[in-house]
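What follows is the residue order along each chain.
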Amino acid sequence: MHLTLYLWILGVGPAIVFVCNVFFGSSGYPVWVLALLTWGNSIAIFGIDALIATVIHKLPAEWFDPHKKIFCPYSWERKFYKFIRIIDWKDYIPDTGKLTTGLSKSKISSIKSDYLYHFLVETCYAETLHCWMALSGIVNMIVNPHSLMIPLILPLALINFGLNVPPVLIQRNNRPKLFHLYEMQLKKQQDSVK
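Residues numbered from 1 in each chain as written. Predicted model: local features only at pLDDT ≥ 70, side-chain atom pairs only at ≥ 80, totals over all residues. Heavy atoms only, no water.

**Quick look at the confidence of the model for the protein chain**
Averaged over all residues, the pLDDT of the protein chain equals 86, while 91% of them reach at least 70. Helix H5 (residues 97-100) is the least confidently modelled element of the protein chain, averaging 60 in pLDDT, while helix H3 (residues 75-83) averages 93, the highest of any element. (pLDDT = per-residue confidence, 0-100. Helix = DSSP H or I, 4+ residues; strand = E, 2+ residues; numbered from the N terminus.)

Given below as structure tokens:
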């Protein structure tokens, strides 16, 4: 159901942008050209997102070590996540991890330290790729006619941005709890060896 909502936004968002450009736009382009540009750019953004995800998942896992400072949420973030009530809506954001990496980030399957560390690394991958994917609409802003920037390309880039920011926030919100669980399990494992 959650993936259906995302797909619905991906379909309806560009349709609204197209309709607004047909009825309110003053670009002078024929309707068929606007349709081609709207759907072509939507597909291009999706393709760029897929390319970004593929490239990032090919990078070494050491680059996505959850101990790195960049992956540690700042103290103000905890307050921000409470303010936006992320706990209430985070489960409505689809998790495509099972499709792309084989690991679903919507539930923890084990509490073994090796699994938890792998899970943490995957959250770092997810955060990174969604950050870059959120910015991928900028590529289309560079290569398209300037006259279409505000009425057509910018709204499509904003839709893409809006769909990619929530997963980043969710990863940053969930990681401290997961990291704490990982450290507890690691400590138990070390204590049992002694």
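**Here's the deal with helix H2 (residues 31-58)**
Spanning 28 residues, H2 covers 41 Å between terminal C-alpha atoms, matching the ideal 40 Å at 1.5 Å per step. Val-33, Leu-34, Leu-37, Thr-38, Asn-41, Ser-42, Ile-45, Asp-49, Ile-52 and Ile-56 are the residues of H2 that are buried. (Expected span 1.5 Å × (residues − 1). Buried < 20%, exposed > 50% of the residue type's maximum accessible area, 1.4 Å probe, protein only.)

**Brief notes about a nonpolar patch on the surface**
Nonpolar side chains collect at one region of the surface, where Trp-132, Leu-135, Ile-138, Val-139, Ile-142, Val-143, Leu-158 and Phe-161 lie side by side and expose about 820 Å² of accessible area between them. Elements that contribute at least two residues to the nonpolar patch include exactly helix H7 (137-143) and helix H8 (149-193). The residue Leu-135 is located in the loop between helix H6 (113-134) and H7 in this model. (Patch = residues over 30% accessible without salt bridge, like charges linked within 9 Å, V, L, I, M, F, W, Y side chains within 5 Å. Areas by Shrake-Rupley, 256 points an atom, 1.4 Å probe, with all protein chains shown as cover. Salt bridge = Lys/Arg side-chain N within 4 Å of Asp/Glu carboxyl O.)

**Describing the pattern of salt bridges**
If you walk through the whole model with that rule in mind, you get 5 salt bridges. Arg-85 serves as the salt-bridge partner of Asp-88, at 2.7 Å between the closest nitrogen and oxygen. Given a relative accessible area of 52%, Arg-85 falls into the exposed group. With its nearest N and O atoms 2.7 Å apart, the salt bridge here joins Arg-175 to Glu-127. Taken together, the residues Arg-175 in helix H8 and Glu-127 in helix H6 connect sequence positions 48 residues apart. Note on accessibility: Arg-175 and Glu-127 belong to one class, buried.

**Observations concerning the packing of aromatic side chains**
Going through the model one piece at a time under the given rule, you end up with 8 aromatic pairs. Residues Trp-76 and Phe-80 carry aromatic rings whose centres are separated by 6.5 Å and whose planes lie at 65° to one another, so their mutual orientation is edge-to-face. One end of the pair, Trp-76, and the other, Phe-80, are both in helix H3, 4 residues apart, so they sit about a helical turn from each other. A relative accessible area of 33% places Phe-80 in the partly exposed class. Geometrically, the ring pair formed by Tyr-115 and Phe-119 is tilted, given 5.9 Å between the ring centres and 50° between the ring planes. Here Phe-119 and Tyr-115 lie together in helix H6, a separation of 4 residues that amounts to about one turn. Comparing Tyr-115 with Phe-119 shows no difference in burial state: the two are buried. (Phe/Tyr/Trp six-rings, centres within 6.5 Å; stacked < 30°, edge-to-face > 60°.)

**A few points about the layout of surface pockets**
Space left empty within the atom packing is revealed by a probe, the size of a water molecule, rolled over the atoms. Considered as a void within the structure, the second largest pocket measures approximately 270 Å³ in volume. Lining the second largest pocket are 15 residues, with Ile-70, Glu-127, Cys-131, Val-168 and Arg-172 sitting closest to its centre. Secondary structure elements with two or more residues in the lining of the second largest pocket: H3, H6 and H8. Among the residues forming the lining of the second largest pocket, the class breakdown is 11 nonpolar, 1 polar and 3 charged. (1 Å grid on protein atoms, 1.4 Å probe; cavity = no way out; pocket = protein on both sides within 12 Å on 5 of 7 lines; lining within 4 Å. Points joined across faces, edges and corners; volume = space filled by probe spheres on them. Nonpolar A, V, L, I, M, F, W, Y, C, P; charged D, E, K, R; others polar.)

**Considerations on the side chain of Gln-185**
Here Gln-185 lies in helix H8. We classify Gln-185 as buried; its relative accessible area is 10%. Not counting chain neighbours up to four residues away, the residues in contact with Gln-185 comprise Ile-111, Ser-113 and Leu-116. (Contact = heavy atoms within 4.5 Å.)

**Quick look at the packing of H2 against H6**
One way to put it is that H2 packs onto H6 with a least axis distance of 9 Å and a crossing angle of 145°. H2 and H6 meet at a crossing whose hand is right-handed. Judged by residue contacts, Asp-49, Ile-52, Ala-53, Ile-56 and His-57 of H2 engage Glu-122, Tyr-125, Thr-128, Leu-129, Trp-132 and Met-133 from H6. For the contact of H2 with H6, a count of residues per class yields 7 nonpolar, 2 polar and 2 charged. (Axes fitted to C-alpha atoms, helices over the stretch in contact; angles between N-to-C directions. Left-handed = near helix turned anticlockwise from the far one by under 90°.)

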